[in-house]
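Secondary and tertiary structure notes
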Amino acid sequence: MPMTSEEILKQVNAHREKQSALQQEWEVLRNNAREECLRLIEVFDFTASELQLGKDGHSIKIKSPNAGEPKFQNPDGPETWTGRGKRPKWYIAAQEAGFTDEEMLIKKPEAPAAE
């Protein structure tokens, strides 16, 4: 038997109430975590740079000093990848499009022949 519009509206309202309660719970949890972070910052006298915070509180991306030289290049763009760590989206897309590792390898210039 199909639901009546009144039953559907009751379910929609119940869902909205649950969603609102979850959002409020999340905000309380987030605020508590923020307060604890601020307390620890004060206790340990952390600086923004020690916490890797940049302008406006955004995190700073720290480049790994030993990332290595790029090994693969996107066949459709300038992006490169060292072959270490998580595979970039362009690399996965290129493989799905049929490109092989061999085709994406960055060719190193050949050394001049010895005479």
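For the structure given in this document, a descriptive report is provided here. (Residues numbered from 1 in each chain as written. Predicted model: local features only at pLDDT ≥ 70, side-chain atom pairs only at ≥ 80, totals over all residues. Heavy atoms only, no water.)

1. Observations concerning the overall build of the protein chain
- Counting its regular elements, the protein chain contains three helices and two strands.
- The helix and strand sequence of the protein chain, counted from the amino end, reads α-β-β-α-α.
- The buried share of the protein chain, reckoned over its 115 residues, is 8%.
- For the protein chain, the proportion of contacts with a sequence separation of at least 24, taken over those separated by at least 6, is 22%.
- Accessible surface computed for the protein chain: about 10800 Å², of which carbon and sulfur atoms make up 55%. (Helix = DSSP H or I, 4+ residues; strand = E, 2+ residues; numbered from the N terminus. Buried < 20%, exposed > 50% of the residue type's maximum accessible area, 1.4 Å probe, protein only. Contact = heavy atoms within 4.5 Å. Areas by Shrake-Rupley, 256 points an atom, 1.4 Å probe, with all protein chains shown as cover.)

2. Let's talk about a nonpolar patch on the surface
- Nonpolar side chains collect at one region of the surface, where Leu40, Val43, Phe44, Phe46, Leu51 and Leu53 lie side by side and expose about 500 Å² of accessible area between them.
- With respect to the element layout, leucine 51 can be found in the loop between helix H1 (5-44) and strand E1 (72-73). (Patch = residues over 30% accessible without salt bridge, like charges linked within 9 Å, V, L, I, M, F, W, Y side chains within 5 Å. Salt bridge = Lys/Arg side-chain N within 4 Å of Asp/Glu carboxyl O.)

3. What about the side chain of asparagine 74?
- Mapped onto the secondary structure, asparagine 74 falls in the loop between E1 and strand E2 (80-81).
- Within the local environment of asparagine 74, its side chain forms a polar contact with the side chain of glutamate 79, the two groups lying 2.7 Å apart. (Polar contact = N/O pair within 3.5 Å; in protein donor to acceptor, adjacent residues only side chain to side chain.)

4. Thoughts on helix H2 (residues 89-96)
- Residues of H2 that are buried include every one of Trp90, Tyr91 and Ala94, and no others. On an axial view of H2, the arc spanned by its buried residues comes to 100 degrees, and they lie on one face. When the buried face of H2 is taken as reference, the exposed residues oriented beyond 90 degrees from it are Lys89 and Glu96.
- Looking at the buried side of H2, the elements it contacts are E1, E2 and helix H3 (101-104).
- Glycine 98 sits one or two positions beyond H2 and adopts a positive phi of about 105 degrees. (Arc of directions from axis to C-beta.)

5. Section: the packing of aromatic side chains
- All told, the structure shown has five aromatic pairs when counted by the stated rule.
- In textbook terms, an aromatic cluster arises when at least three aromatic residues are bridged by ring pairs, as seen for Phe72, Trp81, Trp90 and Tyr91. (Phe/Tyr/Trp six-rings, centres within 6.5 Å; stacked < 30°, edge-to-face > 60°.)

6. Quick notes on the nonpolar core
- By size, the foremost hydrophobic cluster in this structure holds six residues: Phe72, Trp81, Trp90, Tyr91, Ala94 and Met104.
- No other element matches the three residues that H2 contributes to this core.
- Sequence-distant contacts of phenylalanine 72, defined by excluding residues within four places in its chain, comprise Glu79, Thr80, Trp81, Gly83, Trp90, Tyr91, Asp101, Met104, Leu105 and Ile106. (Core = buried A, V, L, I, M, F, W, Y, C linked by side-chain atoms within 4.5 Å.)

7. Points about unusual backbone geometry
- Although it is not a glycine, aspartate 45 adopts a positive phi angle of roughly 55 degrees.
- Inspection of the secondary structure puts aspartate 45 in the loop between H1 and E1.

8. With respect to the pattern of salt bridges
- By the definition in use, this model includes two salt bridges.
- Glutamate 36 serves as the salt-bridge partner of arginine 39, at 2.6 Å between the closest nitrogen and oxygen. Here glutamate 36 and arginine 39 lie together in helix H1, a separation of three residues that amounts to about one turn.

9. Examining H1
- For H1, spanning 40 residues, the distance from its first C-alpha to its last is 58 Å, which sits close to the expected 58 Å at 1.5 Å a residue.
- Downstream of H1 by one or two residues, aspartate 45 has phi in the positive range, about 55 degrees. (Expected span 1.5 Å × (residues − 1).)

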